[in-house]
Amino acid sequence: MSEVNSAGDGPGAGPDQGKSEPADRGGSAAPPPAEGGDADGRGTGARLGGWTRFVTARPRLSLLVALLLTALAVVAGSGVADRLGSGGWEDPTAESTYATKALEREFPASQPNLLLLLRAGGSSVDDPAVAAEAKRVTARLAAEPGVTGVGSYWQSGSPALKSRDGHEALIAARITGDETAAADTLDRLAPSYRGRSGPVEVEIGGPVAVRHEMQTTIREDLTRAELIALPVTLLLLVMVFGSAIAALLPLGVGIFAILGTNAVLRGLTEVTDVSVFAMNLTTALGLGLAIDYALFIVRRFREELATGAAPRAAVGTTLRTAGRTVLFSSLTVAVSLAAMLLFPQYFLRSFAYAGIAVVLLAAGAALILLPAALVLLGHRVNSLDLRRLFRRGAPRAAEGGAAWGRTASLVMRRAPLFVVATTAGLIVLGLPFLGVTFGTADDRQLPSTAESHVVQQHIRDGFPGSPGGGLEVLAEGPATATQYAEYGKRIAALPGVQRVDGPLVKGDAAYFTVLPKGEAVDEGAQRLVGELRATHAPFTTAVTGTAAVLVDSKDAIGDRLPWAAGFIAIVTLLLVFLLTGSVLIPVQAVLLNALSLTAMFGAVVWVFQDGHLSGLLDFTSSGSIETTLPVLMFCVAFGLSMDYGVFLLSRIKEEYDHTGDHQEAVRFGLQRTGGLITAAAVILAVVMVAIGTSRVANTKMLGLGIALAVLMDAMVVRSLLVPAVMRLTGRATWWAPGPLRRFHDRFGLSEGEAPTAAPAPATEPAGEPEPDRDPVEAR
């Protein structure tokens, strides 16, 4: 990590200390064009010059306004976690969703969301004393406000509500209202029903209890993750920057972004549903991206100070160079996250809301508030070098950058070997994903000791017929008893059906309960959903249940996935083209970014689906991956990979514009950004691992999976694969047809001042080797 601070240990310190740095490499030795204008008169630089004056003219006022906005965000975002939902995996336009709502309205007992597990100890649930107490509890629950559809084994005698050993039985009910109202009702009821009641012990489960316990657990885990991540992140930043003052700046940007996003989410809860899981992404991206952007800007600012520039001039150059890169980087991340808005599930849409807000706020703070702070700090940004307490002698700042330069030269000398080895290795790591099985989130997301998990596990292990795991068929329209009976016989004859109960009729509506053979959401149950929907009936039917929700969710994601992938690819290609002016580099960026995610997807299946390391990581494997999680992880990890890709490509492009030497540009770009990208990736991985300490399995999967993806991208793809591929493509890497070159000349932006004479178009074929260069050759 030493390269990141190589230019910032004090004025005059830098990775090339003792060398003469050309003024046209973004340094301040030569003044920028008047009013910030580009040499070619396009006016882009003028706009950025005006922006520089705006953000630095009143730095104290800017910081005061930021402080007031932060205070308002704290007030506006207070209590946001209590208003967030813990569901959102279903498609709101699907047949199963329609049927669920209709059954809740017409037949509340068909959709119980509260289960009371009564244990009789060594006695039978049919013992008179046990039965009398169970009936008393049932009647008491039925009289509670906000509760409907109460039924029990002792009322119906249904064998599905009695355990096989006869020592446990169930009371089922439905708590009415939305998620917030249901949670409030559960909070009121649970203390008076849970525990010993005469000869029975009562435990509380069911979907409403699972959701409520998951929401509470996530909130507690997020607080713990923040307490872990903040001090560790600060320590790493001190190691990276050296200066304690500089280390505090990224944390300030991150806190501003997190608090601002909480206020945005609080406002969104007034008009739409937002998932509680989005809070985790807010914290992770708020800290991670703020650190990325602040690292990039502060490092460039310290480089400019090291050349002798005045603080205000150094900020101006920094915004015209690193500021452009941060702007492009934030747009690429926002694009990847915005793709989740194309999906109907509010679970995915919530991550888009949180992600876009936190990215834009982090970038805005890095481009407005951070420059204001740097103007005020000036050379004091290098103050309080805490590393001096742990080292002897003068720091050797250049070593980190030189090491990355030597790495780039080594990789380019053996480019075919590195391309083949890294590509093959990443593909092998991703092979377990070929065996992925998609499922639904259930109580097994919670710790094994959670009460609702314990209840549901008792039901899975000890009760016949998987209560709550059946399918419901809603029948609407006038029908006779004979027609209902004939339809019941037809669906009972289907090969995947174990038993059919019903119909229960109310006016022109009725419903059947269909118990599938096998597990509630296995392949057989999913096939049965399609067979039920294809079965002829003299009335309108709609199928719901856990397996039906899963089928509809998979269909919704499958229908929209090509559109989301196309959106990400097209907009990313355009943004990277605007940054580089190359046709080939955007294609390389998209393909290599996608390749960098293979290890994450392979690990997710191997660990969380197949259950390897479940003991070490303390989670219960359900044998499947929740359907929306791979989409979420792809969008987040792809955006973060593009974040690092933009950092590297922008510096390579800047050097190529100044020298026209392709191989030296790649070497120089990795030398200047390799340590920065690695440091940023390690810090972001620390934040994601802190999120991954959650006791909720999906959150653990999200945190640890993205941490792995970020590290693989920074340490393998950016350090090895990108230089090797660019070495093979040679100067043809920068080719673009005439019309696109002119488009880029007019509208494109890149890190660096206006280029000198543009290099000639590529003349060597792609893949033709260039002469090896000395990795430490003086510029």
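Quantities reported herein were computed from a predicted structural model and do not represent experimental measurements.

Novice: Could you clarify how one ought to interpret the overall build of the protein chain in this entry?
Specialist: When its secondary structure is counted, the protein chain shows 24 helices and 11 strands. Counting all 779 residues of the protein chain, 57% fall into the buried class. Nonlocal contacts in the protein chain, meaning residues at least 24 apart in sequence, comprise 81% of its contacts between residues at least 6 apart. Accessible area for the protein chain stands at about 29,900 Å²; split by element, carbon and sulfur atoms hold 63% of it.

Novice: Where do I start with the packing of aromatic side chains in this structure?
Specialist: To describe a pair of aromatic rings, you give the distance between the ring centres and the angle between the ring planes. Taken as a whole and assessed by the stated rule, the structure comprises 16 aromatic pairs. Lying across the ring of Y193, R140 places its NZ or CZ 4.2 Å from the centre.

Novice: Help me understand the sheet that holds strand β1 (residues 114-119) in this model?
Specialist: By definition, the strands of a sheet pair up through backbone hydrogen bonds, in either a parallel or an antiparallel sense. A sheet is described by the order of its strands in space; here 5 strands give the open sequence β2-β3-β1-β5-β4, paired in antiparallel fashion. Every other strand in the sheet has two partners, leaving β2 (147-152) and β4 (195-197) as the edge strands with one partner each. Put simply, the sheet's adjacent strands are angled 25° from each other on average, direction ignored. Packing of helix α4 (residues 128-142) onto the sheet brings it into contact with β1, β2, β3 (168-175), β4 and β5 (200-205), and relative to β2 it is tilted by some 165°.

Novice: Is there a simple way to explain the pairing of strand β7 (residues 471-476) in this structure?
Specialist: If a strand is regular, its side chains alternate between the two faces of the sheet. Of all the 6 residues making up β7, 5 are buried; the element is thus mostly covered by neighbouring parts of the structure. Inspection of the sheet shows β7 paired to strand β9 (residues 509-516) by 6 bridges, in the antiparallel sense. Each bridged residue has a counterpart across the sheet, and for E476 the counterpart in β9 is A509. With 6 bridges joining them, β7 and strand β10 (residues 540-545) adopt antiparallel strand pairing. Counted as the bridge partner of E472 is T544 from β10.

Novice: What am I meant to see in the confidence of the model for the protein chain here?
Specialist: Low-pLDDT stretches of the model should not have their predicted coordinates read in fine detail. In the predicted model, the protein chain carries a mean pLDDT of 83, and the fraction of residues at 70 or more is 86%. Low confidence marks residues 1-48, where pLDDT is under 50. Its contacts with residues over four positions away, or in another chain, come to 114 contacts. Note that residues 751-779 has pLDDT below 50 and, in this model, 73 contacts with residues that lie over four places away or in other chains.

Novice: Quick question: what am I supposed to make of the packing of helix α22 (residues 662-692) against helix α23 (residues 697-729) here?
Specialist: Think of two packed helices as two axes; the pair is described by the angle between the axes and how far apart they sit. Their axes nearest at 9 Å, the elements α22 and α23 cross at an angle of 170°. As judged from the angle between their axes, α22 and α23 are roughly antiparallel. Residues of the contact of α22 with α23, tallied by class, amount to 20 nonpolar, 7 polar and 3 charged.

Novice: What's the story with the side chain of R667 in this structure? I'm lost.
Specialist: Note on placement: R667 falls in helix α22. Note on R667: relative accessible area 3%, which makes it buried. In terms of polar contacts, R667 uses its side chain to reach the side chain of Q671, at 2.7 Å.

Novice: When you look at the side chain of T580 in this model, what are you seeing that I'm missing?
Specialist: Within the element layout of this structure, T580 appears in helix α17 (residues 546-580). Polar contacts involving the side chain of T580 include one to the main-chain carbonyl oxygen of V576, which spans 2.9 Å.

Novice: Please clarify how the nonpolar core should be interpreted in this entry.
Specialist: Considering soluble globular proteins, one finds that nonpolar side chains tend to be buried as a cluster. Formed by 159 residues in total, the largest nonpolar core has its most connected members in F277, Y293, L374 and L632. By residue number, the principal contributor to this core is helix α11 (residues 346-377), which donates 18 residues. In this structure, F277 is in contact with S86, W89, M214, I218, F347, F351, V696, N698 and T699, ignoring residues within four places of it in sequence. Among the nonpolar cores identified, the runner-up in size contains 36 residues, and A134, W154, A172 and F463 belong to it.

Novice: What exactly am I supposed to notice about helix α7 (residues 207-241) here?
Specialist: The α-helix advances 3.6 residues per turn, and as a result positions three or four apart in sequence lie on the same side. Here α7 contains 35 residues, and its C-alpha end-to-end distance of 48 Å stays within 8% of the 51 Å for a straight helix at 1.5 Å per residue. In the segment just after α7, G242 is the residue with positive phi, at about 85°.

Novice: Would you take a moment to explain a negative patch on the surface for this structure?
Specialist: A cluster of acidic residues, E90, D178, D184, D187 and D273, forms a negative patch at the surface. According to the relative accessible area criterion, D273 is partly exposed, its value standing at 48%.

Novice: In this structure, what is going on with the sheet that holds β9? I would like to understand it.
Specialist: Sheet architecture is open: 4 strands sit in the order β8-β9-β7-β10, paired in antiparallel fashion. Across the chains shown, the open sheet's two edge strands, defined by having one partner strand only, are β8 (497-506) and β10. Between one strand axis and the next, the sheet turns by 20° as a mean value, whatever way the strands run. Contacts from α17 reach β7 and β10, with the element oriented near 95° to β10.

Cut-offs used in this document
Residues numbered from 1 in each chain as written. Predicted model: local features only at pLDDT ≥ 70, side-chain atom pairs only at ≥ 80, totals over all residues. Heavy atoms only, no water. Helix = DSSP H or I, 4+ residues; strand = E, 2+ residues; numbered from the N terminus. Buried < 20%, exposed > 50% of the residue type's maximum accessible area, 1.4 Å probe, protein only. Contact = heavy atoms within 4.5 Å. Areas by Shrake-Rupley, 256 points an atom, 1.4 Å probe, with all protein chains shown as cover. Phe/Tyr/Trp six-rings, centres within 6.5 Å; stacked < 30°, edge-to-face > 60°. Lys NZ or Arg CZ within 6 Å of the ring centre and 35° of its normal. Pairing = 2+ DSSP bridges. Axes fitted to C-alpha atoms, helices over the stretch in contact; angles between N-to-C directions. pLDDT = per-residue confidence, 0-100. Parallel < 35°, antiparallel > 145°, perpendicular 65-115°, else oblique. Nonpolar A, V, L, I, M, F, W, Y, C, P; charged D, E, K, R; others polar. Polar contact = N/O pair within 3.5 Å; in protein donor to acceptor, adjacent residues only side chain to side chain. Core = buried A, V, L, I, M, F, W, Y, C linked by side-chain atoms within 4.5 Å. Expected span 1.5 Å × (residues − 1). Patch = residues over 30% accessible without salt bridge, like charges linked within 9 Å, V, L, I, M, F, W, Y side chains within 5 Å. Salt bridge = Lys/Arg side-chain N within 4 Å of Asp/Glu carboxyl O. Lys, Arg positive; Asp, Glu negative; His and termini not counted. Charge placed at Lys NZ, Arg CZ, Asp CG, Glu CD.

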